[in-house]
Amino acid sequence: CLRVVAGDPYVAGSDIIGEEINDILDMRGVIQELAEIAGEHPGFVIRIHAGENDSLRDNVANSIRCVAESLAPGQPMPPLRVGHGLYTCDLRSAKGKKLLEDMRRYGVTLEFQITSNVRLNNLSHMRRHPLRQYLQAGISCVQGTDGGALYGTNSIDEELSLEKLLGLTYPELCRMRQAEDAILSESLRVFEEKRRA
């Protein structure tokens, strides 16, 4: 069904979401199909919720790897967004540095939603939150609500959480805003291109 409607301007991409109890490698076949659709429809976003809890710390890296390995020869990496990225390997380790390098190389955007992380009991100490490390490493990071209707939050609530609970500075918040502006600009460009087609 998604393949049939992917050319519609109101279809921005796909989202693999759910309680993170499975290794993302189990979703390899689905990700392969999404990468094929992205190859047919430039700008098609692949979004994967990964790294939400600490039981599967390789899911973020494996999400990126699954998409990259699914690309046809010469196919560019589609826009890839990872919802959460809260738990990974230690970002200071060799494995963590490789993950950061892959995120930069492929232009991965990480989405952070403090409220859902706390409410789902995936984050009990703010000092363990890796957002600042990602920003310092030059990773594209944005705020999200992870389903505002589910958690009763909005973008203002989430921004206040980033500022008050994580202590993000104005320049750090501006960096996140610039990342979101770039995504919105590209999304509007793709929408107009699809609409004209």
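Please read all numbers here as calculations on a predicted model, not as lab measurements.

A. Summary view of the packing of helix 2 (residues 28-40) against helix 3 (residues 59-70). Where helix 2 contacts helix 3, the axes come no closer than 8 Å and their chain directions differ by 50 degrees. With respect to their mutual orientation, helix 2 and helix 3 come out oblique. The interaxial crossing formed by helix 2 with helix 3 has right-handed handedness. On helix 3, the residues that touch Arg28, Ile31, Gln32 and Ala35 of helix 2 are Arg65, Cys66, Val67 and Ser70. In terms of residue class, the contact of helix 2 with helix 3 is made up of four nonpolar, two polar and two charged.

B. Quick look at the environment of Cys89. Within the fold, Cys89 resides in the loop between strand 3 (80-84) and helix 4 (94-106). Each C-alpha atom of the pair Cys89 and Met126 lies 17 Å from the other, and the pair is 37 residues apart in sequence. With near-sequence residues (within four places) excluded, Cys89 lies in contact with Arg57, Lys95 and Gly96.

C. Representation of the packing of aromatic side chains within the structure. One pass over the structure, following the stated rule, counts two aromatic pairs. Centre to centre, the rings of Tyr10 and Phe191 are 5.2 Å apart; their planes meet at 70 degrees, and the pair counts as edge-to-face. Pair noted here: Tyr10 is in the loop between helix 1 (2-5) and strand 1 (13-16) and Phe191 is in helix 9 (residues 170-196), with a separation of 181 residues, a long-range link. On the basis of relative accessible area, Tyr10 is assigned to the exposed category, the value being 71%.

Conventions used here
- Per chain, residues are indexed from 1 in the order of the written sequence.
- Local features in this predicted model are restricted to residues of pLDDT 70 or higher, and side-chain atom pairs are both shown and tallied only at a pLDDT of 80 or more, whereas totals for entire chains, interfaces and linings draw on every residue.
- Water and hydrogen atoms play no part in the side-chain values, which are based on all heavy atoms of the structure.
- In this analysis an axis means a line fitted to C-alpha atoms, helices contributing only their contacting stretch, and an angle means the value between N-to-C directions, from 0 to 180 degrees.
- Note on conventions: DSSP H or I runs of at least 4 residues are helices, E runs of at least 2 residues are strands, and numbering of each starts at the N terminus.
- Between 65 and 115 degrees an angle is taken as roughly perpendicular, under 35 as roughly parallel, over 145 as roughly antiparallel, and anywhere else as oblique.
- The hand of a helix crossing depends on one turn: near helix anticlockwise from the far one by less than a right angle means left-handed, and clockwise means right-handed.
- What makes two residues a contact is simply this: any of their non-hydrogen atoms within 4.5 Å.
- Under the grouping applied here, Gly and all other residues not named as nonpolar or charged are polar, the nonpolar ones being Ala, Val, Leu, Ile, Met, Phe, Trp, Tyr, Cys and Pro and the charged ones Asp, Glu, Lys and Arg.
- Planes of paired rings set the category: under 30 degrees apart is stacked, over 60 is edge-to-face and the rest tilted, where pairs are Phe, Tyr or Trp rings (Trp by its six-membered ring) whose centres lie within 6.5 Å.
- Partly exposed describes any residue whose relative accessible area lies between the buried limit of under 20% and the exposed limit of over 50%, with all areas from a 1.4 Å probe on protein chains only and scaled to the type maximum.

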